[in-house]
Structure formats: structure tokens, C-alpha cells
Amino acid sequence: MSTNNLSTAILENIVTATIMLDESLLIRYANPAAEQLFSQSRKRLIDTHLSHVIQHASMDLALLTQPLQSGQSITDSDVTFVVDGKPLMLEVTVSPLSWEKNLFLLVEMRKIGQQRRLTQELNQHAQQQAAKLLVRGLAHEIKNPLGGLRGAAQLLQKMLPDPSLGEYTQIIIEQADRLRALVDRLLGPQKPGKKQEENLHVVLEKVRQLVELEAPKIEIVRDYDPSLPDILMDPDQVEQALLNIVSNAAQILTNQDDGQIILKTRTVHQANIHGHRYKLAARIEIIDNGPGIPSKLQDTLFYPMVSGREGGTGLGLSISQNLIDQHKGKIDVESWPGRTTFTIYLPI
């Protein structure tokens, strides 16, 4: 067997999805594993631009050409490609390849294993918790002197000889109150509320009605699982958590003519939530057809003071996650232009 035939046989039989691209990112070769990954035949893939196969990528596809200039392979171990509306979490390695006096790019794509995905999720959750602790510590340090500042301004206001000067002390008091309100929101609810058995759809219906009043032009579609059992929860806290997420979506869709939000519930068996396995959990998906969340914000989206909206405080999602955490649940997000999905898991 010739070397060329052996190389072809290896590429055809390896389980790693492998494609060969030219300098303009046209696909020149795809092995059977790549056909399976992209759910397309080799005939359809060949001579197709990579961007036409992938609806959205978490990485800039132009970066794939770097090995042509550097001569060195590059690897990204956390890449999401959206293919046929489904996100694929991949490790991508791109290597320069010289063949028949032409330069090509050899792209290897490996699906990230479930265990590795869980490890990443746990690490991200730990980072978010550390950030919250830091912010809460700072908030407490700010809150204490604010009380003294406000009290001193009130005393000063009473002692001023000219009442017109009270305008300045009133500004101090008002700004101290504004900062105190912001700090209270940063601290958020610290203790779980009173839990009771409640139908999740009753809570979702309250959220839907509130959002429809705020944004009547947006279509809200309900896709509820009627078999979902009642859940032990604090209905007010869960309502607040869901309302923050749905309201965010509605505000983003305000200027979009075909704005739509889907509220979807399902029962999940053997759900893994922050490293703990639950026999049964409720899954709530809040799906919108907006512009998507910028990829640079997705990793820090639930951190306090991080916002993708102009004028946003960045506290709504942080509070939502805090409330869902108190119910031993979790929130996941997947986003690309035209579709953003927040998925909330609550143990039953």
C-alpha cells in the first residue's frame, strides 16, 4: 500500500471529524466523521464555504487562517459551532498543511466529553460564586459608612443658619439613599423564603401576564408540559427569577417587529445540577429570537454589574441566579444571532 493510500485510509476511518480548508476557508476535503458532525454528505460539503455550514461560531472564523502565517498549529478547547440550530461544544485544532505546492488548513474537531463539560460548568459556577462573595463584601463595606454620611447630612441640615443651603445637604441625603438602594440590590436576598408545593405553570402565567402588560407587541408562546408535578419552592422568589430573565428578553426585543418569546417546560430524568444528580427535575426554557448575547459577555453574564443593555444595571440576572441557587437549581444560557435560550433546572 502506498503512503498516500495509507494516509487516505487513516483519515477515512478516524473518529475525529477532519476537514481540509483552502486559504479562503472553502472546504476541500471532509472525512466521514465530519459528514456525521455536520449532518451533510461530503458531496454537499466540498467547495462550500465553512461559514455556510456553520450558522454561528463562538470564535472568529478568520482566526483559523493564522497557522498559514505562523506555520504553527493552534488549538481552542472550548468552541461552540451551531449546526442546524443545534450547538456543538468542540475542541478545535487547526494545522498548516502543504500539499501539491499549495497551502491548506487541516481542521480537527472533537466533541467535548460530558465529564469535561461538567467540570467546566462547576469551575464557572465556582468563579461566579467567588465574584458574588467579593461584591457582597464590598457592598457591606460601602453600606456602613453610607449610614453615617446620611446621618451627618441630616444633622448638618438642621444646624444650617440659612435654610436655602439645605438644598446641598438634601443632595447628599438623596445620593446616599440611591447608593444604599443599589447596595441592597447587590446584596440581594440572603435567605431562602418560605417554600411550599406550587404549580410552576401558575408562576409562569403570572410572569407572562406582567411582561405582556409591559410589552404588548411581543408574541409570547406557551409550550407547557402538563405532566409536570408540583415543585417545593418559594413561588415569589421563583417568579422574580423568571421575570428578570423574561423582562430582559422583552426589553431587547422592543424594537424588533417579529419579536417572540417562547416559554417551554419539560420534565428531565437524571439531571446533573452543579455536580449533584437528581432523579427528576423541571426544565424551563426561555427562548427569544433577538440579536443574541455578545460572546464576550456570555462567560460573565451572571456577574453583578455586567449588562449587555445600555443603561442596564446588570443586577437582574445575578439576582435570578442567586434565587435559583437557593432552590438548588441552575441556569444555563446558549446564544447566537436569532436565538437565545436561558434554561433553568429546578430539582423536583
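Residues numbered from 1 in each chain as written. Predicted model: local features only at pLDDT ≥ 70, side-chain atom pairs only at ≥ 80, totals over all residues. Heavy atoms only, no water.

Caption draft 1: A look at the overall build of the protein chain. Helices and strands together make up the secondary structure of the protein chain, namely 11 helices and 13 strands. Per-residue burial over the protein chain gives 42% buried out of 348 residues. When contacts within the protein chain are restricted to residue pairs at least 6 apart in sequence, long-range pairs at least 24 apart make up 61% of them. Carbon and sulfur atoms provide 52% of the accessible area of the protein chain, an area that totals close to 19,300 Å². (Helix = DSSP H or I, 4+ residues; strand = E, 2+ residues; numbered from the N terminus. Buried < 20%, exposed > 50% of the residue type's maximum accessible area, 1.4 Å probe, protein only. Contact = heavy atoms within 4.5 Å. Areas by Shrake-Rupley, 256 points an atom, 1.4 Å probe, with all protein chains shown as cover.)

Caption draft 2: Focus on empty space enclosed by the protein. Going through the model one piece at a time under the given rule, you end up with two cavities of 30 Å³ or more. Here the second largest cavity defines a volume of roughly 30 Å³. As for the second largest cavity, its lining consists of Ile19, Leu50, Ile54, Leu64, Phe81, Val92, Val107 and Met109. Here the lining of the second largest cavity is composed, by residue class, of eight nonpolar, no polar and no charged. (1 Å grid on protein atoms, 1.4 Å probe; cavity = no way out; pocket = protein on both sides within 12 Å on 5 of 7 lines; lining within 4 Å. Points joined across faces, edges and corners; volume = space filled by probe spheres on them. Nonpolar A, V, L, I, M, F, W, Y, C, P; charged D, E, K, R; others polar.)

Caption draft 3: Representation of the packing of aromatic side chains. Under the criterion given, the structure shown has zero aromatic pairs. When the ring centre of Tyr345 is taken as origin, the NZ or CZ atom of Lys330, which lies over that ring, is 5.2 Å away. (Phe/Tyr/Trp six-rings, centres within 6.5 Å; stacked < 30°, edge-to-face > 60°. Lys NZ or Arg CZ within 6 Å of the ring centre and 35° of its normal.)

Caption draft 4: Spatial organisation of the pairing of strand 4 (residues 74-83). In this sheet, strand 4 lies alongside strand 3 (residues 56-57) in antiparallel orientation, the contact comprising two bridges. Bridged to Ala57 within strand 4 is Phe81. Pairing of strand 4 with strand 5 (residues 86-99) involves eight bridges; the strand directions are antiparallel. The residue of strand 5 that forms the bridge with Val83 is Lys86. (Pairing = 2+ DSSP bridges.)

Caption draft 5: Fine view of the sheet that holds strand 13 (residues 339-347). With respect to topology, five strands assemble into an open sheet ordered 8-10-11-13-12, the strand pairing being mixed. Edge strands, defined here as strands with exactly one partner in the open sheet, are strand 8 (219-223) and strand 12 (330-336). Strand-to-strand twist of the sheet, defined as the mean angle between neighbouring strand axes without regard to direction, takes the value 20°. Relative to strand 13, strand 12 runs antiparallel, the two being bridged by seven bridges. Paired with Lys330 across the two strands is Tyr345, which belongs to strand 13. Contacting strand 10 (260-273), strand 11 (276-288), strand 12 and strand 13, helix 9 (residues 235-252) runs over the sheet at an angle of about 35° to strand 11. (Axes fitted to C-alpha atoms, helices over the stretch in contact; angles between N-to-C directions.)

Caption draft 6: The arrangement of the environment of Thr16 in detail. Residue position: Thr16 is located in the loop between helix 1 (3-13) and strand 1 (17-21). Judged by its relative accessible area of 16%, Thr16 falls in the buried class.

Caption draft 7: Seen up close, the sheet that holds strand 6 (residues 102-111). Strands sit in the order 2-1-6-5-4-3 across an open sheet of six strands; the sheet is antiparallel. A strand with exactly one partner marks an edge of an open sheet, and here the two such strands are strand 2 (27-30) and strand 3.

These values are about where atoms sit, not about what they do.
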